[in-house]
Each structure stands twice: as C-alpha cells, then as structure tokens.
Amino acid sequence: MTWLGDLGSAVFGAAYTYRVALAVGSLVGAAVLAVVARRRGWLTRIRRHPRAAVAVLVPVLAVVLPVGWYLASPLVLSATIDEPPPVVTTAASPLPTASAAPDRSAAPLPSTSPGASASAEAPSRLMSLSGPFHGSDDFHFGRGTARLIETSPGVFVVRLEGFAVRNGPDLYVYLSPNADGYADDAIELGKLKADTGNQNYTVPAGALDEPTRAASVVIWCKQFSHLFATAPLTG
C-alpha cells in the first residue's frame, strides 16, 4: 500500500505548494455559493431543517477548519532561536619548553625525515564544511549558511547561521548525500527548532562513516514529502 502513501503525499504536497491560490479560490467559491444559496432559497430550507443542516455542516467544518489552519498557519506564525556556536576541542600540539639554551657542544641528535617531524608536531585537522542555503522555488525561500563542524575527532554538529526559511508544517533537518537536496538515505538530525535564527543539530554517532555522506544540509517537510531549502556543503 505504499502507492497510497505516495499518492497522499503528492496530493497534499501539491495542496501545500498552492495553498495560497487554494485559499483565495476557496474564499471566492464560498462567496459565490452564498449568493447562489440566497437566490435559490437554500437559506430558507436550512432554517426550516436546522438539525439536518447542523448534521452536514459540523463534520465538514471539523475537517476543513483544522486542515486549513494546519496549512495556512505557517504563513502567519514564526519562531526565532539564537544558540551559541558549538565548542571545538582539538589535541594540543607539543610546544617547546623555555628551558636553558641547548648545549651546542653536545653530540647532534639523530636526524629524522621532514615528513615524520611535521606529522609528529602538527595537530590532526578536523573536518569543516559549509555552504549557503537556497530555496526550492520562489515561494519556499532559504537563506543563511549551513556548517558541518567536527567538534572533536568523529563528533559532528550541523550549525545553521543567519538562517531563515519559509515556515511550514513538520519541517526537519537532514544531512544528505545528494548535493541537490533530499535523498532516501539522508541522515535525520531532528525537527527544525525555528524558522529563523542560529541553531545546532548533533549528527548521530557513527552516521558519517564516509565523507560522501555529507553533501548538503536539507530542510524537508516530512508530512508532505516536500523540499523547502538546500545548502550544498563544500570545503
């Protein structure tokens, strides 16, 4: 029955994409219906049979009003967050001690290759990728920068900076292996905390076993399987 779920996602996804036009059309349709009802005497019949009218209207309103609010509320509701950047910890490289001057008369130390010396003294470099957000279309805008930060060896955090996106229902943050957007094997990082502001998301331990798993950060609507914004990651 997966086809039924795909069909539902396609229908509701189209309804969400064109919800402004649908809302305007619904208002126009309601006004036309009211005029027709008045001219044909439907209002008089409703007054004569109030129980039948209530029996019809209540179930319709019970479905239409919640669905309408669910689809339209993101247009008027907004939330902002401002989380501090994650703390990056690295192993300190060995520093020379400020002891007495070296004895030049002593026998010289055995020489080592330059590569071995550099690898011994240089600290390990942690991964850091970033990229700008762009929306999936003119209506679903996306702004700001996504950063994939390795805070310590093997520990990663995705940070959204100066971030803003078109608000919507059921938005989640993903780390995708596809630079162009969402993929079925994308890593879910959690529900979007706010549609604007700086925010951090911890990558599950062991999820980034390969660098190719981090091609983009995606804002995805799970309810309607709809892409809102993408930030391709580069070094």
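Remember, it's a predicted structure, so these values are computed and weren't measured experimentally.

*Asks:* So what exactly am I meant to see when it comes to the sheet that holds strand β3 (residues 134-135) here?
*Replies:* Backbone-to-backbone hydrogen bonds pair the strands of a sheet. The strands run either parallel or antiparallel. Across the sheet, which stays open at both edges, the five strands sit in the order β3-β10-β9-β6-β7 with antiparallel pairing between neighbours. Bordering the open sheet on either side are β3 and β7 (187-191), each of which pairs with just one other strand. Of the pairings in the sheet, the one linking strand β9 (residues 216-221) to strand β10 (residues 226-232) comprises six bridges and is antiparallel in character. In the strand pairing of β10, Val-217 is matched with Ala-231.

*Asks:* How should I be thinking about unusual backbone geometry in this particular structure?
*Replies:* Excluding glycine, most residues fall at negative phi; most peptide bonds, likewise, are trans. Even without a glycine there, the phi angle at Asp-170 is positive, about 60°. Here Asp-170 shows up in the loop between β5 (155-165) and β6 (171-176).

*Asks:* Looking at this model, I keep getting lost on the pairing of strand β4 (residues 142-152). Mind explaining?
*Replies:* As a general feature of sheets, a regular strand has side chains that alternate between the two faces. Examined bridge by bridge, strand β2 (residues 128-132) and β4 share five bridges and lie antiparallel to one another. What sits directly across from Gly-131, in β4, is Ala-146. Hairpin remark: β4 followed by β5, antiparallel, with two residues in the connecting loop; positive phi at Gly-154, about 85°.

*Asks:* Help me understand the packing of aromatic side chains in this model?
*Replies:* In this structure the tally under the stated criterion is three aromatic pairs. Both rings, one in Tyr-182 and one in Trp-220, keep their centres 4.0 Å apart while their planes meet at 10°; by these two values the pair is stacked. Taken as a pair, Tyr-182 in the loop between β6 and β7 and Trp-220 in strand β9 lie far apart in primary sequence, 38 residues in all. Each residue in the set Tyr-174, Tyr-182 and Trp-220 is aromatic and connected to the rest through ring pairs, giving one cluster. In this arrangement the basic side chain of Lys-193 is found over the ring face of Tyr-201, its NZ or CZ atom lying 4.8 Å from the centre.

The rules we used
Residues numbered from 1 in each chain as written. Predicted model: local features only at pLDDT ≥ 70, side-chain atom pairs only at ≥ 80, totals over all residues. Heavy atoms only, no water. Pairing = 2+ DSSP bridges. Helix = DSSP H or I, 4+ residues; strand = E, 2+ residues; numbered from the N terminus. Phe/Tyr/Trp six-rings, centres within 6.5 Å; stacked < 30°, edge-to-face > 60°. Lys NZ or Arg CZ within 6 Å of the ring centre and 35° of its normal.

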